[in-house]
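Structural overview
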Amino acid sequence: MTAGTVPVVALPGTLCSPAVFDALAGALGPAFALRTVDWLGGTGPWTVEAVAERTGAGIAASGRAPVLLLGHSTGGAIALALALRRPELVAGLMAVGTGADMRGHGDVDAIITRVRTGWGPELRDAVLDRSFATPPAPAFAAVLRDYAAGVAPEAVAEVLASQRDLDLGPRLSELTMPVTVVHGRHDPTRPVRRARELSAAVGDGDLVVLDAGHTPVHETPRAVAEAVRDLAVRAGLRRPS
């Protein structure tokens, strides 16, 4: 990171390569230093709370806190848990395609069962395919598939079971930092109304709905970058332009 840049820490969703943030990093430009956390590629435990604790320790050790914390999908649940656990580390929070619980997220138990009993390329491809309203370019799709193939299925099952059992809703009003909720209007995993509920439940919430699927950080990076810039201003890390 360069002195004077705004530090951004980004957590991808389950099975999603950290490279999903590359387009956003490019759209943000040199005024922002975006660092991704490959939380599925490390060692366990892989519960939401455990990953939040490790991520928080890494942010504290970096010497750049407080940061803008950006979480996509399951990474968003981890980001919410971290912001509640260690608010002093988070100047502003962006939750993308996520929620405080998994209500309305389909049959989570069936997905976990498939991970435990039917792990393979067909399942991984199905998860990745529903993450984009428009199929990604072949080269990037190969990056996503290669990353997912290297993930341990027990890590996926553990974090999904943890997320299924987690309900941060009653604590959302405790968040002290500005929050931006970003959601794709074509997201098949959660309806826009759930994003609206999340934004309304936090103390200082803003909702940005984009013409994207489950992964606006890759599908509409310029629009997400603009939301990040606005969040940095609200968080006091950047002056209004």
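Above this text is the structure in question.
What this report covers is the structure whose coordinates are included nearby. (Residues numbered from 1 in each chain as written. Predicted model: local features only at pLDDT ≥ 70, side-chain atom pairs only at ≥ 80, totals over all residues. Heavy atoms only, no water.)

What to know about the sheet that holds strand β1 (residues 6–11)
Just so we agree on the cut-off: Paired strands, as defined in this entry, are two strands with at least two bridges between them according to DSSP. The secondary structure listing takes helices from DSSP runs of H or I that are at least 4 residues long and strands from runs of E that are at least 2 residues long, numbered from the N terminus. To define axes, lines are fitted to C-alpha atoms, for helices over the stretch in contact only, and angles between the resulting N-to-C directions are given on a 0 to 180 degree scale.
Read across the open sheet, the six strands follow the order β2-β1-β3-β4-β5-β6; overall the sheet is parallel. Here the strands that pair on one side only, and so sit at the sheet edges, are β2 (32–36) and β6 (205–210). Each adjacent strand pair in this sheet contributes to an overall mean axis angle of 20°, direction not counted. As paired strands, β1 and strand β3 (residues 67–72) are joined by four bridges and run parallel to one another. Bridge pairing in β3 links L11 to G71.

Observations concerning the side chain of T14
The criterion, for reference: Pairs of N or O atoms within 3.5 Å make up the polar contacts considered here, provided that, within protein, one atom can donate a hydrogen while the other can accept it, and that residues adjacent in sequence are counted only when both atoms are side-chain atoms. We call two residues contacting when some pair of their heavy atoms lies within 4.5 Å.
By the secondary structure assignment, T14 is in the loop between β1 and α1 (22–28). At 2.8 Å, the side chain of T14 forms a polar contact with the side chain of T74. Once residues lying within four places of it in the same chain are set aside, the contact partners of T14 are W39, L40, T74, V156, V159 and L160.

What to know about the environment of V9
Tracing the sequence through the fold places V9 in strand β1. Sequence separation between V9 and G42 is 33 residues, and the spatial gap between their C-alpha atoms is 16 Å. Here V9 is in contact with R35, V37, I59, V67, L68, L69 and L70, once residues within four sequence places are set aside.

Examining the packing of helix α5 (residues 121–129) against helix α6 (residues 138–149)
Note the threshold: Should an angle lie under 35 degrees it is considered roughly parallel, over 145 roughly antiparallel, and from 65 to 115 roughly perpendicular; all remaining angles are considered oblique. Handedness of a crossing is defined here by the sense of rotation of the near helix relative to the far one, left-handed for an anticlockwise turn of less than a right angle and right-handed for a clockwise turn. Residues are grouped as follows: Ala, Val, Leu, Ile, Met, Phe, Trp, Tyr, Cys and Pro are nonpolar; Asp, Glu, Lys and Arg are charged; every other residue, Gly included, is polar.
Packing of α5 against α6 brings their axes to within 10 Å, and their N-to-C directions diverge by 130°. Accordingly, the angle class assigned to the pair α5 and α6 is oblique. Viewed along their axes, α5 and α6 form a crossing whose handedness is right-handed. Listed contacts from α6 to R124, D125 and L128 of α5 are L144, R145, A148 and A149. Looking at side-chain class alone, the contact of α5 with α6 contains four nonpolar, no polar and three charged residues.

Description of the nonpolar core
Note the threshold: Residues enter a nonpolar core if they are buried and are Ala, Val, Leu, Ile, Met, Phe, Trp, Tyr or Cys, with the set joined through side-chain atoms within 4.5 Å. Residue burial is assigned from relative accessible area. The probe radius is 1.4 Å, only protein chains are included, and a residue is buried under 20% of its type maximum, exposed over 50%, and partly exposed in between.
Ranked by size, the top nonpolar core spans 79 residues in total, and within it L68, L69, L70, L93, M94 and L175 carry the most contacts. If sequence neighbours within four positions are ignored, L93 has contacts with L69, A79, L80, A83, L175, M177, P178, V179, T180 and L231.

Everything listed here is a matter of coordinates, which is why it stays silent on function.
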